[in-house]
Amino acid sequence: MTAESRRERKEFLSSFFQGKKRRGDSIFRWVVLGAAGYTVFMLILVAYSVVQGSMPVLSLEGLEFFTGTDWNPVEGRESYGALPYVVGTLVSSAIAMAIGVPISLGIAVFISEIAPARIGTPIGFVVEILAAVPSIVYGLWALFVFRFFVLDFLEYPLYDTLGATIPFFGIAPFGLDVFTAGIVLAIMIIPIISSISREVLKAVPNTQREAAYSLGATRWETVRHFIFPYAKAGILGAAFLGLGRAVGETLLVTMVIGNTVGLAAIPEGLFSPSQTLSSIIANEFNEAVTEFHSSALIALGATLFMLTMAINIGARLLVSRMVKVAPGARE
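In this report, we go over the structure that sits alongside the text. (Residues numbered from 1 in each chain as written. Predicted model: local features only at pLDDT ≥ 70, side-chain atom pairs only at ≥ 80, totals over all residues. Heavy atoms only, no water.)

Moving on, we come to the overall build of the chain. Counting its regular elements, the chain contains 10 helices and 2 strands. Counted from the first residue to the last, the chain has its helices and strands arranged as α-β-β-α-α-α-α-α-α-α-α-α. Taken across its 331 residues, the chain has 38% of its residues classed as buried. Restricting the contact set of the chain to residue pairs at least 6 apart, pairs at least 24 apart contribute 71%. Total accessible area on the chain stands at roughly 18700 Å², and carbon and sulfur atoms take up 67% of it. (Helix = DSSP H or I, 4+ residues; strand = E, 2+ residues; numbered from the N terminus. Buried < 20%, exposed > 50% of the residue type's maximum accessible area, 1.4 Å probe, protein only. Contact = heavy atoms within 4.5 Å. Areas by Shrake-Rupley, 256 points an atom, 1.4 Å probe, with all protein chains shown as cover.)

Quick look at the packing of helix H3 (residues 117-131) against helix H5 (residues 178-202) now. With their axes 8 Å apart at the nearest point, H3 and H5 run at an angle of 135° to one another. The pairing of H3 with H5 is recorded here as oblique in orientation. H5 is crossed by H3, and the crossing has left-handed handedness. Along the contact surface, H3 presents Gly124, Phe125, Val127, Glu128, Leu130 and Ala131, while H5 presents Pro191, Ile192, Ser194, Ser195 and Arg198. (Axes fitted to C-alpha atoms, helices over the stretch in contact; angles between N-to-C directions. Parallel < 35°, antiparallel > 145°, perpendicular 65-115°, else oblique. Left-handed = near helix turned anticlockwise from the far one by under 90°.)

Here we take up the environment of Ala181. Following the sequence through the fold, Ala181 ends up in helix H5. The exposure class assigned to Ala181 is buried, which follows from its relative accessible area of 0%. Taking the C-alpha atoms as reference points, Ala181 and Ala96, 85 residues apart in sequence, are found 8.1 Å from one another.

Take a look at the structure:
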């Protein structure tokens, strides 16, 4: 083979593989654009559907639907308001986060920083299994078993001790209330938050730990001053992922929150029955026979959609304010 033919063959192979590379890049680009476009399309489709379905009740109630407290689905006397269920959703989720986040961080720190591998690995495996348990299982367990434990060992003692002096504990408990719902929600989101937080803590470079120990820091000081600041973005993301799960939970909350309607759904104390946006939709959608009743439930879904979007946007803003992005890194 002459030098001329070898050069021609080399040029042919080079142009052939470059052409395949360009075709592969083009295909990859369109696949990625399609995936991103699908996400945006589904978001627009869901938003359009819930807004369109909400128009009848919004034409009846106006913007007072979002601030009203009445809920009367009787035909001819219909009146609807979403405020009690927004409050019930936020209160139950706040209780769940107040209980679940500290416990989740404790589990994550123990598995990643303290426990030896022969102990931490099985515990992490159990936590991951708990994260996969369906919410209906948690709900049935809470309804038939756990609520009596909460009633006898938490609610009655708090009511008997503090109920006469602190109105927050002054409502007689019966086990189906916002407090029980918050505790069970916390139990459900703990495996999710702890699993993600554990992986975030494990991703912290060992140089952080070695630097802390070389300066004479204790294990607690190392975790607090060197590991948590490095991993706070991921931990916040895990916490808000758990919050999103708690806000949107349906069956579990429906079973244990008490399912009151109207003004009674606004909790007056820790042991008040209540109702959330998702639970009232689950309770009444099959019984909605009028156009306005169905539209009101769809409008509650739209409210939940907006609430979830607001939480996600707030989480993003909070993370961007708390975490300084390194130069050249992508947010």
